[in-house]
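Next come the chains, spelled out residue by residue.
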Amino acid sequence: MFELLGITPQALFGQLLLGLINGSFYAMLSLGLAIIFGLLNIINFTHGAQYMLGAFVTWALLHYFGLSYWWALPLAPLIVGASGIVIEKLFISRLYHLDHLYGLLLTFGLALIIQGVLRNNFGISGLPYSIPPQLSGGQNLGFMFLPNYRAWIILVSVIVCFGTWFVIEKTRLGAYLRAATENPTLTGAFGLNVPLMITLTYGFGVALAALAGVLAAPIYSLNPNMGAELIIVVFAVVVIGGMGSILGAIVTGFGLGLVEGLTRVFYPEGSAVVIFVIMAIVLLIKPAGLFGRTA
Amino acid sequence: MAVDVQTTSNVAPVAQRGAKGMSTLHMAIFAALLVAGLIAPFFLYPVFLMKVLCFALFACAFNLLLGFGGLLSFGHAAYFGAASYVAAHAAKVWGLTPELAILAGTGAALILGVLIGSLAIRRQGIYFAMVTLAFAQMVFFFSLQAPFTGGEDGIQAVPRGHLFGLLNLRPDFTLYFVVLAITFGGILFIYRIIHSPFGQVLKAIRENEPRAISLGYRTNRYKLAVFVLSAGFAGLAGATKALVFQLASLTDVHWTMSGEVVLMTLIGGMGTVFGPIVGATVIVTMQNYLATWGAWVTIVQGTIFVIAVLLFREGIVGVISKWVKRPL
């Protein structure tokens, strides 16, 4: 059957795997954007830069402190998340009374600064970071070869995404969060510290981006621009999914990664734009997004 | 959902403007700008001035959409860059005269504006910004892969040609006055749009869209119209730029270009008439001085963004407008 289409199963499953990995990053990043948007009502344009920072901190921990990938996995998100909390306290919190678009402009400016500083210090050629030895090698599944590290990315991403979904939808903490998203004033009146929740939520969303960066460090080119192009695609993912639902962000992220992988098999020239084309179609048919709630 | 730009700058009601639509103050400023534009090339490098002019028109086009339509597009590089490519291709490969090449570029930007605009206006606010950014990225990828754009190299050595087949535009000095005429004509046209009944409806939509709908306005049509106009003027600027630098490249369609025009408008003053001109002058001059500093340009631009958003939302002209208590 595959031969009829002129495509070997290895190529097909290989691209599907790559698509699934891209989807893992889309899902984690759009999840972070959705959570931040839910509570702060801003689009965090710095998200791509913070993903890139996660990867750079991973590199720096190894290079300057000799701390391995396994240390970076918890440390990098904590460090970048903490920097996110500082950013929220110093800058973003001053904009809540203004139109949401100012938040977009501010975080865009911050992203430019972060990218510029790293480009000054590290250039754009890319830094090397090798796959941790415990995850090198791979499995032969018969129909395809599955590198261990790629499987690891998908595993971590699925666990983190659904873990986040569980916390937000099924726990008490999540209930507070959903209440604050729905009506911050009323939630505050019930004695919950909404400003603190907002700050921590931003920190958490940023930490998610940084975690995606840690996962990306060994397989993608580690350079200051790595987040900028990616975040624009993630914006399209968010428009397609609609930011109303956590599960929607996750499903859309993985799904679009797969679609992109399939496009790379059947029509390679279109793979760079397929997500934008889908966005156009979704805007025509269901402007609020697949999982969006019409306001 | 409109940007709360410059309600201060609109303190004077429309009725106070002259019957011809242009206040005396604005007319005086336009005249002063024109005089400055006419004598400037005798003192400053014409290519630098032409760059300022092209970006001033680009920023004014963008401000028409953001400042008066209340729509933040984060993908205006698409129209600027696409027009730049089409004009360069038309002049170089088809051998069209410069005015036809510029028209072709502007036409391409208008068509692109209709296509993207009709989709983008289906979402509001932040989503609108993301949608326009994503479509602009699509145009970027197209420009990277399409056979006629020259990929990473762009279209180089674009001939400036002879205006109407007569006037040789090769000398910078001659071209300068053509560019000045285009920019000035474009900006005056935008000014006319802002102060037309159409412009007033736009302001109503910006301030309160549901209310404008309830008054019977088909707001989506107005939004699409202003989007397409803005894309067209951005294209006019991009096409002119292609002739000035004899180059159309990926820089023109990149998202950083979209960010730059937002910055110019923000610095100058959103929703003011003259703000974008001032903002473009400031940013282009700054880029000129920092050109040898590499990534510092990005850092400085980012810092200006942050400072402008936190402390200086009215922009330069917005602040002056507050001082003199007149809309500028």
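Everything numeric in this text was worked out from a predicted model, so none of it was measured.

Re the overall build of chain A
- Each helix and strand in chain A was counted, giving 11 helices and two strands.
- The order of helices and strands in chain A, counted from the N terminus, is α-α-α-α-β-β-α-α-α-α-α-α-α.
- In terms of C-alpha radius of gyration, chain A reaches 19 Å, essentially the compact-globule figure of 19 Å for 295 residues.
- Along the first, second and third principal axes, the C-alpha set of chain A runs to 65 × 50 × 35 Å.
- A buried classification covers 48% of the 295 residues belonging to chain A.

Details of the overall build of chain B
- When helices and strands are counted, chain B shows 13 helices and two strands.
- For 328 residues, the compact-globule estimate of 2.2 N^0.38 gives 20 Å, and chain B sits close to it at 19 Å.
- For chain B, buried positions account for 54% of its 328 residues.

Structural notes on the nonpolar core
- Judged by nonpolar contacts, the single largest core of 200 residues is most densely connected at Met279 of chain A together with Leu57, Phe58, Ala82, Ala87, Met130 and Ala134 of chain B.
- Considering each element in turn, this core owes the most residues, 17 residues, to helix α2 (residues 46-68) of chain B.
- If we ignore the near neighbours within four places in the chain, the residues touching Leu57 of chain B are Thr183, Gly186, Ile187, Phe233, Leu236 and Ala237 of chain B.

Let's talk about the interface of chain A and chain B
- Opposite the 34 residues of chain A that make contact, chain B presents 34 residues.
- Contributions of two or more residues to the side of chain A that touches chain B are made by α4 (100-122), α9 (226-241) and α11 (274-285) of chain A.
- Sorting elements by how many residues they give to the side of chain A that touches chain B places α4 of chain A first, with 16 residues.
- Of the residues that constitute the side of chain A that touches chain B, the class distribution is 25 nonpolar, five polar and four charged.

Some remarks on unusual backbone geometry
- For Asn41 of chain A, which is not glycine, the phi torsion reads 60° and is therefore positive.
- With respect to the helices and strands, Asn41 of chain A occurs in the loop between α1 (9-40) and α2 (47-65).
- The backbone of Ala157 of chain B sits at a positive phi, close to 50°, despite the residue not being glycine.
- With respect to the helices and strands, the residue Ala157 of chain B is situated in the loop between α5 (125-145) and β1 (162-163).

A short note on the confidence of the model for chain A
- Residues at a pLDDT of 70 or more form 97% of chain A, whose mean pLDDT is 89.
- Mean pLDDT values over the elements of chain A span from 83, in strand β1 (residues 138-140) of chain A, up to 95, in helix α3 (residues 69-90) of chain A.

A short note on the packing of α2 of chain A against helix α8 (residues 194-216) of chain A
All names here are of chain A.
- Here α2 crosses α8 at 50°, and the two axes come no closer than 7 Å. Looking at the two axes, α2 sits oblique to α8. Here α2 and α8 pass one another in a crossing that is right-handed. Taken together, the residues of α8 that come into contact with α2 (itself represented by His47, Gln50, Tyr51, Met52, Leu53, Gly54, Ala55 and Thr58) are Val206, Ala209, Ala210, Leu211, Ala212, Gly213, Val214 and Ala216.
- Of the residues belonging to the contact of α2 with α8, the class tally is 11 nonpolar, five polar and no charged.

Overview of the packing of α1 of chain A against helix α5 (residues 148-170) of chain A
Residue and element names in this part refer to chain A.
- Interaxial distance between α1 and α5 falls to 9 Å at its minimum, and their mutual angle equals 30°. In terms of their interaxial angle, α1 and α5 are classed as roughly parallel. In terms of crossing hand, the pair formed by α1 and α5 is left-handed. Here Leu17, Leu20, Ile21, Ser24, Ala27, Met28 and Leu31 of α1 lie close against α5, whose contacting residues are Arg150, Ile153, Ile154, Ser157, Val160, Cys161 and Thr164.
- Of the residues belonging to the contact of α1 with α5, the class tally is 10 nonpolar, three polar and one charged.

Details of helix α1 (residues 24-39) of chain B
- Counted at 1.5 Å a residue, the expected span for α1 of chain B with its 16 residues is 22 Å, and the 23 Å between its end C-alpha atoms agrees.
- Along α1 of chain B, only one of the 16 residues are buried, which leaves the element largely exposed.

Some remarks on the confidence of the model for chain B
All names here are of chain B.
- Per-residue confidence for chain B gives a mean pLDDT of 89, with 93% of residues at or over 70.
- pLDDT under 50 marks residues 1-19. Its contacts with residues more than four places away, or in other chains, come to 41 contacts.
- For this predicted complex, the interface score ipTM comes out at 0.87, alongside a pTM of 0.89.

Focus: the environment of Lys51 of chain B
Residue and element names in this part refer to chain B.
- Relative to the assigned elements, Lys51 resides in helix α2.
- Distance in space between the C-alpha atoms of Lys51 and Ala237 is 9.7 Å, their sequence separation being 186 residues.
- Lys51 has contacts with Val244 and Val284, leaving out every residue within four places of it along the chain.

Comments concerning the environment of Ile114 of chain A
Residues and elements named next belong to chain A.
- Looking at the secondary structure, you find Ile114 in helix α4.
- Placed 62 residues apart in sequence, Ile114 and Met52 show a C-alpha to C-alpha distance of 9.4 Å.
- With residues near it in sequence (within four places) discarded, Ile114 still touches Thr46, Ala49 and Leu53.

Focus on the environment of Ala151 of chain A
- Take Ala151 of chain A: it is sitting in helix α5.
- Taking the C-alpha atoms as reference points, Ala151 of chain A and Leu20 of chain A, separated by 131 residues in sequence, lie 9.7 Å from one another.

About the thresholds
Residues numbered from 1 in each chain as written. Chains lettered and ligands numbered in written order. Predicted model: local features only at pLDDT ≥ 70, side-chain atom pairs only at ≥ 80, totals over all residues. Helix = DSSP H or I, 4+ residues; strand = E, 2+ residues; numbered from the N terminus. Rg over C-alpha atoms; globule rule 2.2 N^0.38 Å. Buried ≥ 20, exposed ≤ 12 C-beta atoms within 10 Å, placed from the backbone. Core = buried A, V, L, I, M, F, W, Y, C linked by C-beta atoms within 7 Å. Contact = placed C-beta atoms within 7 Å. Nonpolar A, V, L, I, M, F, W, Y, C, P; charged D, E, K, R; others polar. pLDDT = per-residue confidence, 0-100. Axes fitted to C-alpha atoms, helices over the stretch in contact; angles between N-to-C directions. Parallel < 35°, antiparallel > 145°, perpendicular 65-115°, else oblique. Left-handed = near helix turned anticlockwise from the far one by under 90°. Expected span 1.5 Å × (residues − 1).

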